[in-house]
Structure formats: structure tokens, C-alpha cells
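If you want the building blocks of each chain, they are given just below.
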Amino acid sequence: MSSLLCVAAREGMSLLRHAVRVRCVNASARGYSATLMLALLAASTMLPTAALALDITASHVNPPGEPTYEAFRQMTEQLAGSDSGLRMQVYPRGQLGNEHDIIEQVRLGAITMASVSTAALSAFAPSVGVLDIPFLMRDHDRHPWVVADGPLGERVAKNVQRETGLVVIGWWSAGMRHVFTRQTPIRGPQELADLKIRVIQSQVYTDTFNGLGAKATPMPYGEVYTALATGTVDAAENDVTGYRNMQFFEQAPELSLTGHFFLFKAVIVNRRAMEKLSTEQRAVFDKTFAEATGYQRELAASLFLSDLQWLTDSARVNVTMPDRKALEVAVKPVQDVYARRFGRDFVNAIRNAR
Amino acid sequence: MTEDRKKAMPSTLLRVERVVVTIEEAALFLILASLLVTLTLQIASRFLFEFPLDWTEELARVGQMWLVFIGAAVGARRAEHFVVEIFMERVHFPGKPLVARAIDILVVGFFLVLALVSAWTTWFGSIQTMPALASSVAWAYAAIPVGCALIAFHFVCSWVRPVQASVAAMEAGE
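Residues numbered from 1 in each chain as written. Chains lettered and ligands numbered in written order. Predicted model: local features only at pLDDT ≥ 70, side-chain atom pairs only at ≥ 80, totals over all residues. Heavy atoms only, no water.

Participant: Would you take a moment to explain the pairing of strand β2 (residues 86–91) of chain A for this structure?
Facilitator: Regular strands place their side chains on alternate faces of the sheet. All names here are of chain A. Side chains Leu86, Met88 and Val90 project from β2 onto a buried face, and the interleaved Arg87, Gln89 and Tyr91 project onto a face without burial. Pairing geometry for strand β1 (residues 54–59) and β2, over six bridges, is parallel. Bridge pairing links Asp55 to Arg87 in β2. Since β1 and β2 lie parallel, the crossover through helix α3 (residues 67–81) that links them has a hand, and here it is right-handed. (Buried < 20%, exposed > 50% of the residue type's maximum accessible area, 1.4 Å probe, protein only. Helix = DSSP H or I, 4+ residues; strand = E, 2+ residues; numbered from the N terminus. Pairing = 2+ DSSP bridges. Right-handed = clockwise from strand over helix to strand, strands pointing away.)

Participant: I would appreciate a short explanation of the nonpolar core in the present structure.
Facilitator: Inside soluble globular proteins, nonpolar side chains tend to come together where they are buried. Residues and elements named next belong to chain A. Residues Leu121, Val130, Leu131, Trp171, Phe209, Ile268 and Ile350 are the most contacted members of the largest nonpolar core, which totals 61 residues. Ranked by residue count, the leading element in this core is strand β8 (residues 254–269), at six residues. Aside from chain neighbours lying at most four places away, what touches Ile350 is Val130, Leu131, Leu136, Met137, His143, Val147 and Leu152. Core analysis: the next-biggest nonpolar cluster, separate from the first, contains 20 residues, Ile56, Val90, Trp172 and Val267 among them. (Core = buried A, V, L, I, M, F, W, Y, C linked by side-chain atoms within 4.5 Å. Contact = heavy atoms within 4.5 Å.)

Participant: Can you walk me through the interface of chain A and chain B in this structure?
Facilitator: How big an interface is tends to be stated in terms of the accessible area lost upon association of its parts. Listed as interface residues are 21 residues of chain A and, on the opposing side, 19 residues of chain B. For the chain A and chain B pair, buried surface summed over both sides reaches about 1800 Å², with 55% attributable to carbon and sulfur atoms. Across the contact surface, chain A and chain B share zero salt bridges. Linking chain A with chain B are five residue pairs in polar contact (both at pLDDT 80 or more). Contributing elements (two or more residues each) for the side of chain A that touches chain B: α4 (99–108), α7 (151–164), α9 (203–211) and β6 (215–218) of chain A. In the side of chain A that touches chain B, the residues fall into eight nonpolar, eight polar and five charged. (Buried area = accessible area lost by both parts, 1.4 Å probe. Salt bridge = Lys/Arg side-chain N within 4 Å of Asp/Glu carboxyl O. Polar contact = N/O pair within 3.5 Å; in protein donor to acceptor, adjacent residues only side chain to side chain. Nonpolar A, V, L, I, M, F, W, Y, C, P; charged D, E, K, R; others polar.)

Participant: Looking at this structure, I do not really get the pairing of strand β5 (residues 196–199) of chain A. What am I missing?
Facilitator: Residues and elements named next belong to chain A. Side chains of β5 alternate between two faces, with Lys196 and Arg198 and Ile197 and Val199 buried alike. The pairing of β5 with β6 spans four bridges and is parallel. For Lys196, the partnering residue across the bridge sits in β6 and is Lys215. A crossover connection joins β5 to the parallel β6 through α9; in handedness this β-α-β unit is right-handed. As paired strands, β5 and strand β7 (residues 235–238) are joined by two bridges and run parallel to one another. The residue bridging Ile197 from the neighbouring strand is Ala235, located in β7.

Given below as C-alpha cells:
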């Protein structure tokens, strides 16, 4: 058997040598045209480096219809329509794992970019937690962007890069977060007392609700619906769009517009992957990204209103306007702890930014 | 003298392996027991005491990672892993033992590479903290390089283990 293999290999080699010889003869016979061909080939590979095809991979956890999903879709379409040679491949809906997994992959360079909540990012970059302080933002459509687009946002981004190596190229919106309960609507701190409420697995979220007298229960997002249905938790908190899309309203029809957190979505990129872009490609990318950012924020703000409308009209959700001032007073000790951690002046600068 | 040493080497290796396996099995017992306690606590704290503990879920996840990778190492020693053997059993060709040995080397090489790469990833990713336990995820991820190194070790030991004696038979005899 092995000798047979040897014979086959010998025959194969001699055939190959013959073929190479033939090609050499042909080449010398048409030496001139061959040189020309080679020169053309070299030129064709060297000249259009600017338009070299380059894949940008992105990931996030949001389903279609949500602002982050739609913003990435717009970027993908615009980049495909440009002559930059950039192609964007998006892995939405947590196809590559939860936000922690996604951040790990961007750090490793397995994917180019992602849009992740600051609550998840703070597990890698504790300094970003300054944006997760409760009742820090006055509203959901102006105050956050004054902070994020100015020197304060730049300072947070620089801290993130120092801590993780990740570059924050922009800030998107995951909206104001509100509490929804199975039975009792939240009017003030007294209704939160002893309430079992699901929170994101992040220290500031747990501290805030424990500070308000509730029993914070961290659990993965995918388990929230069942937990509400079985009574494992009495309440949960999310932005209104997520409340609608995940159909939490079916199990917890009491929506109280507490607005206790504004959740930023940091758009992070792998530095080395972005350095592969030529100057022209980077310009196209930046322009597309700026448009996507505007679109994402606008959509987040408008969806809040339309979703709230839909929830009250079609889903029979009972919307309550709680005493936000009383809640803020109750959570003051937690605010103070975090203000000390991140620097009182810095936190005040964010709070008072106009 | 050299002959003696040649014989002594494998038996020393196997003696070391026996110690390692004892530690592994003890660790598996402890992890499984603590998983049981942690998860029971989680359920009890949510439904009975009405005071949900936040660290139970994270600790259970860490425990499960160690359980899987140390368990895989013990499985490697007992030769309990899934094997596709139809080709090697049915097809006869010259140099078959050599191919089998090449496969063994490939397996050990694969797990050593996996151990090295995952050790690097564990170090690189160690900046991530688990919020409730307030400690680095490296404590969980370290299970992968440790487990892979142990698997490679057991495969190396299997080369010097007497051919006929399966682990089950050895253990019965011991």
C-alpha cells in the first residue's frame, strides 16, 4: 500500500515538473507580454489600496425595531452603498453572547465594534459607572447628549480606554429606565419597600434598589419574563421599548415612570481593527457613524412616546407618574457613596451640565 | 542503572498521576457539594426567606466551570470520552500503531495549545469583575487552562500505563 503511494507521488511530481517546464517555455516565447501582464497585476494590487475591501463586524443584543438594531442597519446599508470598500456585518440579538461576552470579543479583536450598555461595560471599566448613578439625568433626550458629546463624555471615554484598551467612539441611548410591577403601582418610596425587583447584574443597580428599601434580585435578562410570571420577582425595571418588545407588560401591567436611571449605550471599537482603515475609509465611517448616532438617539426618544401610547391604548397598561422627588431623596445616600467614589466635582459637573 | 531508571520513570509518573487524580476527585466532590448548597440557598432565599442573595448565581457559574473542566480531566484518565473508533477498528493498514501514536501526540498537543491560549485569555480578560462577588472573572476562566493541562497530563500518562490494564481494572486491583 505504501509503495503504491510512493509510485503515485513520483508520477505526480514528474507531471508537475513537466507542466512547469511548459509554462516557462511559453513565458520566454512571449516574454514581453508576460512582463506587461505582471506589471499590470502589480499595479492592480497596489493602486487601489484606498478602496480595499474591509469587513467591519459589529454585535449587540437588541431585536429588530429597537434603536440600536435600526442604527446598525442604517450603517450597514450606507456603507454598502458607498465606494469605500467597507462592508459591515452585524450580529444582533445576542447572537455572539450577552454584553459581557461581546465586550470580551471586541477587546480580543474577534469583532470590530459593539454597542453595549454602560452597566455591562462597568464590569470591565469601573469608571464608566459614573454614568449609572441614579437620578443623574434630568431628561432622556437633551441632558445625556450635553454630557456625552462634551468634555465630560470625553473624560469618561479616556478612562475607559485606559482601563480596557477599548475606544469609545460615541454614546447611544438605551433610554430612561422605569419600574413595572405585577400589582402595586409605585407612587413613592413606600411602595418599593420589600418589593422583590429584578435588576441588571451590576453593583450600582443592586445598591440603588436596596437603598430604596426594595429587595434587588439580579438575574439574566432572558429569565425576567418567567420570573415575573411565576412571582419569583414582583417587579422589574427597563426602558419602555424593552418593556413592550419583551412583552413584560403581560405579566406586570403596572408601569410607573420612575426614570431612576438613564442607560447609555457606549459604542466601543477595537483600536487595532480600526487602524486598518485608510484615511478615506475612516472619513466615510465617521460620517456614517455620526448619522447613525443621530438616528439612534432620535428613534429612542420617539419610540418612548409611541410605545407608551401603544401600551396604554392596546395593552391596557396602567401608567403611574410617581413622586420622583421623594424617590430621589430616598436614594440620596447611594448617590453620595458613588459621588465619593467617582469624585464629587465630576459628578456635580455631569448633573449640572447644560 | 539506566535500565532501572527507564523502568522507574513511568512508575513515578503513574504514582504522581494517582495523587493528582485523588486531588481532582476530592475537588469534584467539594465543587458538586458546594453547587448543591449554593443553588439550594438561592432558591430558599428567593422563595422562603424573601431575601434574594445576589452572589449565589455567580458562585454557581464559577463552580460549574471548574466542575466541567476538572471532570473532563478525570474523564480523560478513565478513557470515558466519546471516541469514533470505526475506522481504526475496521481498517487495517501497515503502520497503524504509528498512526495511533500520532493521534495521541496530536491530542496532547491540542490540549497543551488550548491550555496556553486559554491561560493567556484568562490573564487578558482578568480585568472583568463579577459584580456580586467583587472579584475577577479570572477565578472562573482559570478552570479552562488548568483543566486542559490536566487532560494533556493524563493522556501522557496513558502512554506509559500498561496496555492491557484499563483504569477500571487497575482500580479494582488496587
